[in-house]
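Structural features, examined
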Protein chains: 4
Amino acid sequence: MINIGIIGGTGYTGLELLRLLAGHQQAAVRVITSRGEAGTAVSDLFPSLRGVCDLRYVDPADVDYSDCDVVFLAAPTGVAMNHVPALLESGIKVIDLSADFRLNNVDQWNEWYGQIHKCPELLVEAVYGLPERHRDAIRGARLVANPGCYPTAVQLGFIPLLEAGVVDHKTLIADAKSGVSGAGRTAAVPTLLTEAADSLKAYAVPGHRHLPEIRQELETVADEGLGLTFVPHLTPMIRGMHATLYARLKEPTGDLTTLFSTRYAGEPFVDVMPAGSHPDTRSVRGSNTVRIACHRPQDSDVAVILVVVDNLVKGAAGQAIQNMNLMCSLDEKAGLAAPGLVP
Amino acid sequence: MINIGIIGGTGYTGLELLRLLAGHQQAAVRVITSRGEAGTAVSDLFPSLRGVCDLRYVDPADVDYSDCDVVFLAAPTGVAMNHVPALLESGIKVIDLSADFRLNNVDQWNEWYGQIHKCPELLVEAVYGLPERHRDAIRGARLVANPGCYPTAVQLGFIPLLEAGVVDHKTLIADAKSGVSGAGRTAAVPTLLTEAADSLKAYAVPGHRHLPEIRQELETVADEGLGLTFVPHLTPMIRGMHATLYARLKEPTGDLTTLFSTRYAGEPFVDVMPAGSHPDTRSVRGSNTVRIACHRPQDSDVAVILVVVDNLVKGAAGQAIQNMNLMCSLDEKAGLAAPGLVP
Amino acid sequence: MINIGIIGGTGYTGLELLRLLAGHQQAAVRVITSRGEAGTAVSDLFPSLRGVCDLRYVDPADVDYSDCDVVFLAAPTGVAMNHVPALLESGIKVIDLSADFRLNNVDQWNEWYGQIHKCPELLVEAVYGLPERHRDAIRGARLVANPGCYPTAVQLGFIPLLEAGVVDHKTLIADAKSGVSGAGRTAAVPTLLTEAADSLKAYAVPGHRHLPEIRQELETVADEGLGLTFVPHLTPMIRGMHATLYARLKEPTGDLTTLFSTRYAGEPFVDVMPAGSHPDTRSVRGSNTVRIACHRPQDSDVAVILVVVDNLVKGAAGQAIQNMNLMCSLDEKAGLAAPGLVP
Amino acid sequence: MINIGIIGGTGYTGLELLRLLAGHQQAAVRVITSRGEAGTAVSDLFPSLRGVCDLRYVDPADVDYSDCDVVFLAAPTGVAMNHVPALLESGIKVIDLSADFRLNNVDQWNEWYGQIHKCPELLVEAVYGLPERHRDAIRGARLVANPGCYPTAVQLGFIPLLEAGVVDHKTLIADAKSGVSGAGRTAAVPTLLTEAADSLKAYAVPGHRHLPEIRQELETVADEGLGLTFVPHLTPMIRGMHATLYARLKEPTGDLTTLFSTRYAGEPFVDVMPAGSHPDTRSVRGSNTVRIACHRPQDSDVAVILVVVDNLVKGAAGQAIQNMNLMCSLDEKAGLAAPGLVP
């Protein structure tokens, strides 16, 4: 049995870890922290967990992680880097769901996140937790930087094209649509139901924090600089993410669907749909599956790749558990088998 | 391993049976029928089941149920009664999720459903599948009539009050709010997103088909005629049902929450919340739990009982599986342990 | 031309006043205040008003209201009572959309709102701004206390029954469902889209602040103490309110629809629908109309009255403009003629 | 006073015409047809129009249009071409909101719509009703083909770039997101609330019927063949459309916002927002305004243009009324002044 600690468990990522781990047969959450809710029963904050989780939040200052095999960090940017060095020193495996360890370059990190990174040496050690690209490295890692939701969807859609070298790497466009839970469980006017429901808008077009992470990873795939435009949109869904990806094909290419199916053969959580399909985000609601469909409209030279994930599962907590399974030599699918909740 | 057949598997009830049974370790769906979709892969109709269900729909005329231990009927009103006699004769246990066997009185059935019942003798045999009242009878039943969603929520909220005799049985009011999936997966203008979203209305106030079923059952609890007003509302949710129940207390009573907690002690799927709670429907989204909170506002003589269920789970497919577990001597919770999907 | 000032114009009530007054031919907003947004262009905060409103927010401390004929107060509870005495002294007509002047009894006000009222003498002078009951008094008033959204819907549904004396006044139940905008434009976790969408719950069952206001007014109608249970619900709509009202009829009564049609004959904003109707909230979206339908299900002795209003229009800003029209001897419908936005 | 007829008035376009024309001082609907609802009061079908519209639907076979100055056709594809020749012969001005007269090339029309066009000579005469490009021609037209919703949003975003010749016309990508009302008021499973809410998907990626119309018009702007990829998405909104447009700039260009502001100076319904803005669809809910914001992320060579319209107003009925105003020498803004309904 894997014993788990969760640091920062009052947000949606923490809640989703608890929900998914409740169904995991070989792992159990032993401790969960919160500064603001210390002493509160988890199920008082989240009544959906009544009868499922009987933990109380503990103040981070009071926690002893010595019984933990794995610690998930589900805190805001800048918190994880305060905890990780000591955890690693104690021999605990760490999976950080925040952005603290996703970039290799410390200067870039400092610039995008407006802080000074406290353990830049670990930026280099941390393994980027996208199993479809780094499975072996994840298996051996002490510290995994769990990818963001946009990066997961965008990378999984572009990787086969870039690896195969079939697209002009200067022409990548990622038009991504996210449910509101991507903004977290923080009181804010723009994400009130009254502001975000029955409406849709782009945001952060000048530069979203997930952009450097996407660029860093895809450039190691393409082995050259990318021309990448990334436009995120806020859409009136609770969960769900749809990335619509565009790239110019170098030549009238063969079958994109076959290219993707071959690349992802054997991947337990990547479902390449038949040519001509249009995945909807709800088909992966609550599930760790990513669904992909490939198009070349009107036989033009533009590849259109449709990718859907649940931003809280494959885009956060589910992928983190998938990484834990790999790091702990468990079945990669353990705890992650449930299909999407439809309708 | 219990072998299952599903008759009428293209609606939401059928889909929900498939979703839930995918996680059931001791039961497996072997055959699923549809007249209109015969030959279609289930996962083509419901892509959320890709990789989870590899069945194809079979025409009802071509089906051999001889390998089935249990058959679920998830067809519109009036279909089940054509199938049930033969199934029972073959020794198969039957759980009907439609209204065909919910009323004991054939005249009442004929009147409310506008058809002539074809096997009225089975109306008497059928056990009403509300485990919290009829668990023992369900265990021994060949034919279970699975309750409707409104009746489940309304009965579970009124039963403790009526059994204890603390309310005037002439003053019952059930104001119930349902998500749109209660109307099924049938193309219709009133349930289009454009018609039902961001709006709310009462419907069927003169008399909803679930009314006689509620009345029949609660009258056997109260052992006398009821004064019951039932007003259903269509609300802009996919799933979820909230029943707000009112009844006049005979005298300034003790603690209603204690009354309910005692009545439902040991019930695996009934969660009586602390006094003063306000359950939300999402806390049971996708889960078989019913949450109940008891109020007596302003210390008045009116009991206000709040009940939430997922209309497709405890209000349909989940309760049907709970009944199957009882009929087949399995753990009553098998396949039904997942907590609600929040957010 | 009526010159208008708005105090507290950054919330939904203020925004709705601006939207509706943009179409009013005989009135114009001249000044609008906000402490937090002083200096900001109104249309920067609310881009829907770009090209429609060219005002900037002014700090309340810097405002001179001497050019105003009417001032609307759209501030949180406890603010209006600081401004009203001086405004009245300057000869300005005042319409307060907050709760500051809705209760006659100062002790009750202090208790429910947890503050000490600063000008209790005005509690007596203030006219309760429900035109369907107090039209003449409103015409002559200096200070109008604009009703809350729940009280508007609940009173308009009960008034004909109580005035006619056909119901037992001890048996009133108001089960009301509100869109989320009723909670205002304030950052808060429970009204995030991720928390409130696709879900439904009752709240404040022990006692909502609108209860004493409803009770006070209806008791003057009934001329005796009421037995009134009021249960509000938060529903996943932006706007809209549906009150489902229950009362026991003293005797098998005549036609409720006729009773209501007669009572509201000539009312410009009350639409009594044909017997058997089920109004939906969207039919009044953005409109000042209240729609009402009367039922007596199963010929029982329970009257069921369905009432829909837009909580921000007839439940707030629209009714305030209706009151202004009356106080300023304008056409009562001026600026309020637009039908509901459907779909 | 302009007398209006509406053919096909039971869909959302017809309803929206009625809603908007209710506020038009110089025009009135005199007759409205429906085959299926002949005899029904309009306000029985659409209760939001109770007290606003007292017309009944008339069977198209029984209608005499001789009193009409203008007829709007709001029928499905293939209906208008049966009516238009006779209407024009009677001297009536015609505005067709369907696709029957949007393409100039009859072969292309026949291919995309799978029918044989019945009056191809009128395809040439019909003026494409985008006032921002064809205002003068519309003023003198007998027959206006009102643009589709996607074409309106996409063209208004690309026109300034193509007219100025600043983008590579082979690199146009239009990623468009539509509310569900774009699919009309027709009973269909995919647009049920239960199917379309809380989800998002692309559709018709291989080729949407609005593509040739966009291509035809933009090619006359660019005066050469385009490389245009158009991907529509179904999003969980009732109304609203967001087009995110991408094009490669030929050279590091000057200020895109200035380019757009200059092009649309004086346009009554085009609002070019300040650089860096992110318009949301709700800001134009119910309004005829189109809002546009221009970006060049990361100072790259990719222009990103954000465009929002209400698909039922500027994308259909509002634009049709704008065209009527032009054709009838009325104030272009008559009946179209209301700001967006927010929240």
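Residues numbered from 1 in each chain as written. Chains lettered and ligands numbered in written order. Predicted model: local features only at pLDDT ≥ 70, side-chain atom pairs only at ≥ 80, totals over all residues. Heavy atoms only, no water.

This part is about the interface of chain D and chain A. The partner chain A presents 47 residues to the 47 residues of chain D that form the contact. Of the roughly 3700 Å² buried between chain D and chain A on both sides combined, carbon and sulfur atoms contribute 55%. Applying the counting criterion to the chain D and chain A interface returns 6 salt bridges. Its salt-bridge partner being Arg285(A), residue Asp198(D) comes within 3.6 Å of it at the nearest N-O pair. In this structure, the connection of chain D to chain A is made through 32 residue pairs in polar contact (both at pLDDT 80 or more). Those elements that place two or more of their residues in the side of chain D that touches chain A are strand S7 (172-178), helix H8 (193-196), strand S8 (201-202), helix H9 (211-222), strand S9 (228-234), strand S10 (241-248) and strand S13 (302-309) of chain D. For the side of chain D that touches chain A, the residue count by class is 22 nonpolar, 13 polar and 12 charged. (Contact = heavy atoms within 4.5 Å. Buried area = accessible area lost by both parts, 1.4 Å probe. Salt bridge = Lys/Arg side-chain N within 4 Å of Asp/Glu carboxyl O. Polar contact = N/O pair within 3.5 Å; in protein donor to acceptor, adjacent residues only side chain to side chain. Helix = DSSP H or I, 4+ residues; strand = E, 2+ residues; numbered from the N terminus. Nonpolar A, V, L, I, M, F, W, Y, C, P; charged D, E, K, R; others polar.)

The two copies are related by a screw motion: chain A maps onto chain B through a turn of 180° and a shift of 0.0 Å along the axis, at an RMSD of 0.0 Å. Such values leave the two copies arranged in the relation of a two-fold axis. Both copies present the same face, since 100% of the interface residues in chain A are matched by interface residues at the equivalent positions in chain B. (Least-squares fit on C-alpha atoms with pLDDT ≥ 70 in both.)

This part is about helix H10 (residues 256-263) of chain B. All names here are of chain B. Restricting attention to buried positions, one finds in H10 the residues Leu-256, Thr-257 and Phe-260. Taken end-on, H10 shows its buried residues confined to a sector of 100°, consistent with a single buried face. Looking at the packing, one finds that the buried side of H10 touches helix H7 (149-164), strand S11 (270-272), strand S12 (290-295) and strand S13 (302-309). (Buried < 20%, exposed > 50% of the residue type's maximum accessible area, 1.4 Å probe, protein only. Arc of directions from axis to C-beta.)

Residue and element names in this part refer to chain D. Looking at the element boundaries, His-208 is found in the loop between S8 and H9. Relative accessible area serves as the criterion here: at 12%, His-208 is assigned to the buried category. Taking the C-alpha atoms as reference points, His-208 and His-24, 184 residues apart in sequence, are found 34 Å from one another. Every residue in contact with His-208, bar those within four places of it in the chain, is listed here: Trp-112, Tyr-150, Tyr-203, Phe-230 and Pro-232.

Residues and elements named next belong to chain A. Under the domain assignment, chain A is made up of domain 1 (2-125) and domain 2 (149-310). Computed from C-alpha coordinates alone, the two centres of domain 1 and domain 2 are separated by 27 Å. Roughly 1300 Å² of surface becomes buried between domain 1 and domain 2 when both sides are summed, with 51% attributable to carbon and sulfur atoms. Where domain 1 touches domain 2, the interface holds 2 salt bridges. Residue Glu-213 pairs with Arg-102 through a salt bridge whose shortest N-O separation is 3.4 Å. Linking domain 1 with domain 2 are 7 residue pairs in polar contact (both at pLDDT 80 or more). (Domains from an automatic or database assignment.)

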